[in-house]
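For reference, the chains in residue letters:
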Amino acid sequence: MSDYSGSRFRRGAGALLSGAVSAFVIVFAMLAVMWIVEVVDFLITPAYTNLGVLDREFGIIGWHPDGLVGIIFAPFLHGGFEHLIANSVPLLVLGFLAGLRDVGKFLWATVLIILIGGLGTWVTSPDVVTIGASGLVFGYFGFIVARGLFDRRLLDVVIAVGVGIAYYGILAGLLPNQEGISWQGHLFGLIGGVVAAWVLRRRRELPPATSYPSLS
């Protein structure tokens, strides 16, 4: 291997390691906020209520103008610690893999997933309070798989295939047959992830046009 190739490999490996650390820190911080919020909600909510105080105030409430604020806050709210635990591991794994190569694009993808997933849920869930990070989980799944299709970088394709094999079972959550589960949040989170992968896809440079002498 030439010195140039070796240097290029080291730079690439260094950038990947830096991205991995940054992605882990960001996703871990998001999870930490979710856990802190859930603890606070548990402490301030009376024992006889089924829905937390913060959940009622800041969840997505379909078709209600006041419920639009939940588009931003709902992913950080959960209906109890069991709900939060169920979302924590897939969010950490998929969020890390989504941000592994490009943290900047990962942050923009997160914004798009939250906005598209939340707005779609608000439109299709009249009078229903929706909370939870599962929309983000489905969004990161869609982003990772679609990124492999759109960008076609070897690393992205490998990650997409691995995630597709390991997590394809979550697609059952798109079916409207589970009581108390927002399939709308799952569906529009997934759509948000695919849209984010398309918007943030790698732009391929077109080859320069060949100029020919004009003939008269």
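Quick note: structure is the one above.
What counts, and where the lines are drawn
Residues numbered from 1 in each chain as written. Predicted model: local features only at pLDDT ≥ 70, side-chain atom pairs only at ≥ 80, totals over all residues. Heavy atoms only, no water. 1 Å grid on protein atoms, 1.4 Å probe; cavity = no way out; pocket = protein on both sides within 12 Å on 5 of 7 lines; lining within 4 Å. Points joined across faces, edges and corners; volume = space filled by probe spheres on them. Helix = DSSP H or I, 4+ residues; strand = E, 2+ residues; numbered from the N terminus. Axes fitted to C-alpha atoms, helices over the stretch in contact; angles between N-to-C directions. Parallel < 35°, antiparallel > 145°, perpendicular 65-115°, else oblique. Left-handed = near helix turned anticlockwise from the far one by under 90°. Contact = heavy atoms within 4.5 Å. Nonpolar A, V, L, I, M, F, W, Y, C, P; charged D, E, K, R; others polar. Phe/Tyr/Trp six-rings, centres within 6.5 Å; stacked < 30°, edge-to-face > 60°. Buried < 20%, exposed > 50% of the residue type's maximum accessible area, 1.4 Å probe, protein only.

Caption draft 1: A look at the layout of surface pockets. Its volume calculated, the largest pocket comes out at about 580 Å³. Every residue lining the largest pocket is counted, 24 residues in all, and those nearest its centre are His83, Gly180, Ile181, Ser182 and His186. Taken together, the elements giving at least two residues each to the lining of the largest pocket come down to α4 (81-99), β2 (129-130), α6 (134-151) and α8 (183-199). Among the elements that make up the lining of the largest pocket, the one with the highest residue count is α4 (five residues).

Caption draft 2: Fine view of the packing of α4 against α6. Where α4 meets α6, the closest approach of the two axes is 9 Å, and the angle between their N-to-C directions is 30°. If you check the angle between α4 and α6, you find them roughly parallel. Once α4 is placed against α6, the crossing between them reads as left-handed. Here Asn87, Pro90, Leu91, Leu94, Gly95, Leu97 and Ala98 of α4 lie close against α6, whose contacting residues are Ser134, Leu136, Val137, Tyr140, Phe141, Phe143, Ile144 and Arg147. Along the lines of polarity and charge, the residues of the contact of α4 with α6 split into 11 nonpolar, three polar and one charged.

Caption draft 3: Here's a closer look at the environment of valine 194. With respect to the helices and strands, valine 194 occurs in helix α8. Considered as a pair, valine 194 and isoleucine 113 are 81 residues apart in the sequence and their alpha carbons are 8.8 Å apart. The contacts of valine 194, once residues within four sequence positions are left out, are Gly142, Phe143, Ala146 and Phe150.

Caption draft 4: Representation of the packing of aromatic side chains in the model. Enumeration over the complete set of coordinates arrives at six aromatic pairs. Relative to phenylalanine 73, the ring of phenylalanine 58 lies with its centre 5.4 Å away and its plane at 65°, an arrangement referred to as edge-to-face. Placement of the pair is phenylalanine 58 in helix α2 (residues 53-58) and phenylalanine 73 in helix α3 (residues 70-73), with a sequence separation of 15 residues. You can call phenylalanine 73 partly exposed: its relative accessible area is 41%. On the basis of an interplanar angle of 75° and a centroid distance of 5.4 Å, the ring pair of phenylalanine 150 and tryptophan 198 is categorised as edge-to-face. Of this pair, phenylalanine 150 sits in helix α6 while tryptophan 198 sits in helix α8, placing them 48 residues apart in sequence. Residue classification places tryptophan 198 among the partly exposed residues on the basis of a relative accessible area of 45%.

Any functional reading would require information beyond the geometric quantities listed.
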